[in-house]
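One-letter residues, chain by chain:
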Amino acid sequence: MDSNQLQTALGVAITAEDYTLAAQIKDRLQQKLSESGSAVVSQPLDWRALGVPEWLADRSERLGLVFPTEVQRRAAPVILSGSDTVIASETGSGKTAAFLVPSLAQLDYPPELFPEDLEGPQLLLLVPSFELGVQACMLLYKLWGGNISSRTPGDPANMFSYTGPPGIKVRGVLNDEELQMAVSGGRYLRGVHAVVATPDMALALISLKDSPLSFQDLRVIVADEMDALLDAYPASFGQLMDAAVNRHAPSSSSSDQLPEDEGLAPAADLAQNRISKVRSLLDRQQQQGGVPPDGVADAAASSSRREQLAAALAAARLEGLMSAPAAAGTEEQQQQQQQQQQQQ
């Protein structure tokens, strides 16, 4: 076991009140850190010493994150300084808490800023799958005082032990239904501190006019499982990061290299078919009080063949954004999905 795993095991042993095992793990941990020459061996095992607010440190400990692991102690000061951070560590080392706990410490809370006064979410957490998104939402929910009953009397993480700011909310935008709720009326994301989304859903949401999610309001953007994000959503993730760096709304066609005119007819036909389907989808959303289709309609009205192709390709991507999250975002997979839909 590496030092991060040993520190995680130490927290588990103490939570289970197995102090004999905890003492053995502590001795082994100190020996391992001394042998490695790690600078963290002399640092206190405490969230507060890392600069985390008292309420968040207490909540983390009550949720079982008793002692920050080495990766958490290394990451927290960097994130709290406002610097861009890349975390690479073994599974089970505590990477999720390494970025989430200090990220939450970066946000504005009452009495400085009340939820009803928020212009938009302050934290965007990008995840590669629906399942991982649900897990992240639940952890954020619990860190902000939410409680899922363990059916154990005296649960230290119950909602009554929470001392942090009240009324802090997290929302997921991980599928079509949640995207529809986010764009219809705006109440779904009103007063929300954090949004957890896949890159395609986040791009579809943030690209809309008068979107409730804006880079101008975000304080922290987190990309969880970077390798999986790049594999599953290379185009939409790249567009989001480019837009985040430049602090502007993503352009659906600005980052694409259009191929030469020759041999484009099949791709253009496929894309034009998709633009029709997207227009129908947006028309339905407009009738339900959702997103107006003006952007797609204006783009489709371009006169030149290259501009028409750009609009079609943009709509093809938008159709992918509006569909349920896929395991990968390749053109080949999109074609297969369309063929299956036509057969149905």
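Concerning the overall build of the protein chain
Okay, so step 1: When helices and strands are tallied, the protein chain shows 14 helices and four strands.
Okay, so step 2: Looking at the protein chain residue by residue over its 344 residues, the buried ones come to 43%.
Okay, so step 3: If you take every contact in the protein chain between residues at least 6 apart in sequence, the share linking residues at least 24 apart comes to 70%.
Okay, so step 4: Carbon and sulfur atoms make up 51% of the accessible area of the protein chain, which amounts to about 17700 Å² in all.

Considerations on the nonpolar core
Okay, so step 1: Counting residues in each nonpolar core, the largest one holds 36 residues, and the members touching the most others are Leu56, Leu104, Leu123, Leu125, Leu140, Trp144 and Val196.
Okay, so step 2: The element best represented in this core is helix H5 (residues 95-104), accounting for six residues.
Okay, so step 3: In contact with tryptophan 144, other than residues within four places in its own chain, are Trp55, Leu104, Leu107, Tyr109, Tyr162, Ile168, Lys169, Val170, His193 and Ala194.
Okay, so step 4: In this structure, Val192, Ala202, Leu203 and Leu205 belong to the second largest nonpolar core, which totals 26 residues.

Examining the pattern of salt bridges
Okay, so step 1: Applying the stated criterion to the full structure yields six salt bridges.
Okay, so step 2: A salt bridge links glutamate 54 to arginine 48, with the shortest nitrogen-to-oxygen separation between them at 2.6 Å.
Okay, so step 3: Given the relative accessible area of 29%, arginine 48 is considered partly exposed.
Okay, so step 4: Of the charged contacts in the structure, one is a salt bridge between arginine 74 and glutamate 70, with a shortest N-O distance of 2.9 Å. Placement of both arginine 74 and glutamate 70 in helix H4 (residues 70-80) is noted, with a separation of four residues, approximately one turn of the helix.
Okay, so step 5: Given the relative accessible area of 47%, arginine 74 is considered partly exposed.
Okay, so step 6: Note on glutamate 70: relative accessible area 10%, which makes it buried.

Here we look at the packing of H5 against helix H6 (residues 130-143)
Okay, so step 1: Orientation of H5 relative to H6, taken along the N-to-C sense of each, is 45 degrees, at an axis distance of 12 Å. The orientation of H5 relative to H6 falls into the category oblique. The way H5 lies across H6 gives a crossing that is right-handed. Along the contact surface, H5 presents Thr96, Leu100 and Leu104, while H6 presents Leu139, Leu140 and Leu143.
Okay, so step 2: When its residues are assigned to classes, the contact of H5 with H6 shows five nonpolar, one polar and no charged.

Digging into the sheet that holds strand E1 (residues 123-126)
Okay, so step 1: Pairing is parallel in the open sheet, where four strands are placed in the order E2-E3-E1-E4. Of all the strands in the sheet, just strand E2 (170-173) and strand E4 (220-223) have a single pairing partner and so form its edges. Between one strand axis and the next, the sheet turns by 15 degrees as a mean value, whatever way the strands run.
Okay, so step 2: Bridge analysis of E1 against E4 gives four bridges, and the strand direction is parallel. Bridge pairing links leucine 125 to valine 222 in E4.

Details of the pairing of E2
Okay, so step 1: Pairing of E2 with strand E3 (residues 194-197) involves four bridges; the strand directions are parallel. For valine 170, the partnering residue across the bridge sits in E3 and is alanine 194.
Okay, so step 2: Once you follow E2 into helix H7 (residues 176-183) and on to E3, the crossover reads as right-handed.

Focus: unusual backbone geometry
Okay, so step 1: In this structure, the amide linkage connecting proline 110 to the following residue, proline 111, adopts the cis form with an omega of 5 degrees.
Okay, so step 2: Phi at aspartate 210 is positive, roughly 60 degrees, even though this residue is not glycine.
Okay, so step 3: Summarising the element assignment, aspartate 210 is placed in the loop between helix H8 (199-206) and E4.
Okay, so step 4: Although it is not a glycine, glutamate 225 sits at a positive phi angle of roughly 55 degrees.
Okay, so step 5: Checked against the element boundaries, glutamate 225 lands in the loop between E4 and helix H9 (226-232).

Considering the environment of methionine 226
Okay, so step 1: Here methionine 226 shows up in helix H9.
Okay, so step 2: Residue classification places methionine 226 among the partly exposed residues on the basis of a relative accessible area of 39%.
Okay, so step 3: Separated by 100 residues in the primary sequence, methionine 226 and leucine 126 have C-alpha atoms spaced 9.1 Å apart.

Section: H5
Okay, so step 1: Of all ten residues in H5, eight are buried, a share of seventy percent or more.
Okay, so step 2: Listed as buried for H5 are Ala97, Ala98, Phe99, Leu100, Val101, Pro102, Ser103 and Leu104.
Okay, so step 3: Those residues of H5 that are buried are in contact with helix H3 (54-62), H4, E1, H6 and E4.

Notes on the environment of phenylalanine 99
Okay, so step 1: Counting through the fold element by element, phenylalanine 99 comes out in helix H5.
Okay, so step 2: Separated by 23 residues in the primary sequence, phenylalanine 99 and alanine 76 place their C-alpha atoms 7.2 Å from one another.
Okay, so step 3: The contacts of phenylalanine 99, once residues within four sequence positions are left out, are Ile79, Ile87, Leu125, Val222 and Asp224.

A few points about the side chain of serine 161
Okay, so step 1: By the secondary structure assignment, serine 161 is in the loop between H6 and E2.
Okay, so step 2: When its relative accessible area of 12% is taken as the criterion, serine 161 is described as buried.
Okay, so step 3: From its side chain, serine 161 meets the backbone oxygen of proline 156 in a polar contact 2.9 Å long.

Parameters at a glance
Residues numbered from 1 in each chain as written. Predicted model: local features only at pLDDT ≥ 70, side-chain atom pairs only at ≥ 80, totals over all residues. Heavy atoms only, no water. Helix = DSSP H or I, 4+ residues; strand = E, 2+ residues; numbered from the N terminus. Buried < 20%, exposed > 50% of the residue type's maximum accessible area, 1.4 Å probe, protein only. Contact = heavy atoms within 4.5 Å. Areas by Shrake-Rupley, 256 points an atom, 1.4 Å probe, with all protein chains shown as cover. Core = buried A, V, L, I, M, F, W, Y, C linked by side-chain atoms within 4.5 Å. Salt bridge = Lys/Arg side-chain N within 4 Å of Asp/Glu carboxyl O. Axes fitted to C-alpha atoms, helices over the stretch in contact; angles between N-to-C directions. Parallel < 35°, antiparallel > 145°, perpendicular 65-115°, else oblique. Left-handed = near helix turned anticlockwise from the far one by under 90°. Nonpolar A, V, L, I, M, F, W, Y, C, P; charged D, E, K, R; others polar. Pairing = 2+ DSSP bridges. Right-handed = clockwise from strand over helix to strand, strands pointing away. Polar contact = N/O pair within 3.5 Å; in protein donor to acceptor, adjacent residues only side chain to side chain.

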